[in-house]
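Commentary on secondary and tertiary structure
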Amino acid sequence: MEEITNVMEYEEIARQKLPKMVYDYYASGAEDQWTLKENRNAFSRILFRPRILVDVSNIDMTTTVLGFKISMPIMIAPTAMQKMAHPDGENATARAASAADTIMTLSSWATSSVEEVASTGPGIRFFQLYVYKDRNVVAQLVRRAERAGFKAIALTVDTPRLGRREADIKNRFVHEPLPRWIQTLLTTCVPQDVKWLQTITSLPILVKGVLTAEDAKLAVQNGAAGIIVSNHGARQLDYVPATITALEEVVKAAQGRVPVFLDGGVRRGTDVFKALALGASGVFIGRPVLFSLAADGEAGVRKVLQMLRDELELTMALSGCTSLKEITRSHIATDWDPPRSLPSSKL
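In this text the structure is predicted, and so the values were computed from the model without any measurement.

Basis of the calculations
- Residues numbered from 1 in each chain as written.
- Predicted model: local features only at pLDDT ≥ 70, side-chain atom pairs only at ≥ 80, totals over all residues.
- Heavy atoms only, no water.
- Helix = DSSP H or I, 4+ residues; strand = E, 2+ residues; numbered from the N terminus.
- Buried < 20%, exposed > 50% of the residue type's maximum accessible area, 1.4 Å probe, protein only.
- Contact = heavy atoms within 4.5 Å.
- Pairing = 2+ DSSP bridges.
- Right-handed = clockwise from strand over helix to strand, strands pointing away.
- UniProt positions renumbered as here; feature names shortened; annotations may be inferred.
- 1 Å grid on protein atoms, 1.4 Å probe; cavity = no way out; pocket = protein on both sides within 12 Å on 5 of 7 lines; lining within 4 Å.
- Polar contact = N/O pair within 3.5 Å; in protein donor to acceptor, adjacent residues only side chain to side chain.

1. Quick word on the environment of I153
Among the secondary structure elements, I153 is positioned in strand β7 (residues 152-156). Its relative accessible area of 0% is what places I153 among the buried residues. Setting aside its immediate chain neighbours within four residues, I153 contacts F127, L129, V142, L203, P204, I205 and L206.

2. Considering the side chain of K208
Along the chain, the position of K208 falls in strand β8 (residues 205-210). Looking at K208, the relative accessible area reads 6%, which means it is buried. Among all residues touching K208, those that are not within four sequence positions of it are P78, L155, T156, V157, D158, I228, S230 and D263.

3. Quick notes on the pairing of strand β9 (residues 226-229)
Side chains G226 and I228 of β9 all project onto a buried face; the interleaved residues I227 and V229 project onto the opposite face, where all are buried too. Two elements, β8 and β9, share four bridges in a ladder whose sense is parallel. Bridged to V210 within β9 is V229. With three bridges joining them, β9 and strand β10 (residues 260-263) adopt parallel strand pairing. For I228, the partnering residue across the bridge sits in β10 and is F261. This β-α-β element, β9 to helix α10 (residues 243-254) to β10, shows right-handed connectivity.

4. Digging into the UniProt feature "binding site: glyoxylate" (unreviewed entry) in the chain
Within the UniProt annotation, "binding site: glyoxylate" (unreviewed entry) is assigned to Y25, R165, H232 and R235. A maximum C-alpha distance of 13.2 Å places the annotated residues, which cover 211 residues in sequence, within one compact spot. Lining the largest pocket, out of the annotated residues just given, are Y25, R165, H232 and R235. In this structure, Y25 sits in helix α2 (residues 20-27). Residue Y25 is classed as buried on the basis of its relative accessible area of 5%. With respect to the helices, strands and loops of the structure, H232 is situated in the loop between β9 and α10. According to the relative accessible area criterion, H232 is buried, its value standing at 12%. What H232 contacts, discounting residues up to four positions off in sequence, is Y130, T156, D158, T159 and R165. At 2.9 Å, the side chain of H232 and the side chain of D158 are in polar contact.

See below:
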């Protein structure tokens, strides 16, 4: 394999290696896929306002998420059925996350159990959860995650039904590693579900799938420990905003009461910096993990995490920031900002 120089290059390698049905399942979005493209394009409409004349010889990227110290604000999002990408699947991803000293979120539609992932060794892991019609199924999943040492629940709230992914329809994609009936068990998630979850677990609950101020306030009011701004990788409702576009509205609504994270479209360390500048406490990456896993297994995922880390460090250095707390809104300009007035010079 020739030298990989950026995260995006793994997608083409994965496209060549994977069966078309599997690649399309991982890569595609809902309907016209406008939001899928917009998740990336929106980052390009944010420019830097770098500060110079700053000593950036020492840069600290460590941060704390729900009380857990990690090496960088880049974590792994839940993505389903990773063994379709590579035989080691979620276990390889868990080892790569642990080696990078960051957090992995395991999908409840994983092809490795919480017990198997826990057996790969130490690491901080969150468990992603859907709301099912049968509360006993939910309770059982949560109990198993707790027993396996998982540290938080990421509750996905944007799937009362699955979005229309036309590539899967064309390919007659079947979720073979999962029981087919499991999708029929999904149900609408309401604020009371967040409260109910708190009665069966002491784990902190992140609400994943928020795009508006109104829903951010609802999540906080109902006891969420954090919010993940997500449009489900543009796989649910098309023509919703890119997550980076929705981020600032959600951050303002949360009013600092809970951390807000971003999931969707992150492919560069510059993207991470932009999200932090708009108020995110960190980002989660999904497809880059799947594509690098397909291309090169655990080593691929390790390389993706390292490349994003290196790019973020370089962006911080060139922007005049030596720690994450120094990254502020003043370091970026967005296309939705009002024009900056220049100070009038005194004659």
